[in-house]
Amino acid sequence: MPVISEFFPDIEGFQWDKGNSSKNWRRHRISQSEAEQVFLNRPVVVAGDSVHSANAARHFAFGRTDGGRLVTVAFTIRGSFLRVISARPMSRREIRGYDNATPA
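Anyway, here's the lowdown on the structure attached to this text. Once a new chain begins, its residue numbering starts again from 1 and follows that chain's sequence as written. For a predicted model such as this one, the threshold for reporting local features is a pLDDT of at least 70, and the threshold for listing and counting side-chain atom pairs is 80 or more; totals across whole chains, interfaces and linings nevertheless cover every residue. Side-chain numbers come from the whole structure's heavy atoms, not from hydrogens or water.

### Some details on the pattern of salt bridges
Operational definition: Salt-bridge detection follows one rule: a side-chain nitrogen of Lys or Arg within 4 Å of a carboxyl oxygen of Asp or Glu. Going along the chain from the N terminus, every DSSP run of H or I of four or more residues is numbered as a helix, and every run of E of two or more is numbered as a strand. Residue exposure (1.4 Å probe, protein chains only): buried if accessible area is under 20% of the type maximum, exposed if over 50%, otherwise partly exposed.
For the structure shown, the criterion picks out three salt bridges. One salt bridge in this structure joins Asp17 and Arg83, with 3.2 Å as the shortest N-O distance. Of this pair, Asp17 sits in the loop between strand E1 (13–15) and helix H1 (18–28) while Arg83 sits in strand E5 (residues 81–89), and the two are 66 residues apart along the sequence. With a relative accessible area of 16%, Arg83 lands in the buried category.

Structure follows, in C-alpha cells:
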C-alpha cells in the first residue's frame, strides 16, 4: 500500500535522522519500523501542525502499528520523502479523536 498517497501523492519513502530514530526508541520504545507502519496501515488520520510550522510545514499522523499500538507521528515532507520528527504512543485525548474520526 502506498505511503499515505491520499494525502501526499508524490511520497516515495521515508527519510530518517539518526538522532530522531534513537530518541523515539529511548523515550517511547517505538522503533523506526513501527513509526512507518502508521503510514502504511489504515485507517490513518493526518492533521496539520500549525504551532510548529514556522520554518517548514509539519503534520501529525495518528494510526496503528502492525501490532495494534496506537501511535502519533510528527513529520514533515522533504522533497519526495516523509521525514519522521518524532513518534510516541497516542494520548487519551488523541485516542478519542482517532476513534471519532475513523469508521467503527
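From this point, the discussion proceeds with the structure in view.
### Re the nonpolar core
Where we set the bar: We call a set of buried residues a nonpolar core when its members are Ala, Val, Leu, Ile, Met, Phe, Trp, Tyr or Cys and they connect through side-chain atoms within 4.5 Å of each other.
One finds Ile4, Phe39, Val46, Ala61, Val73, Phe75 and Leu82 to be the most contacted residues of the largest nonpolar core, which totals 17 residues. Taken together, the elements giving at least two residues each to this core come down to helix H2 (32–40), strand E4 (70–78) and E5.

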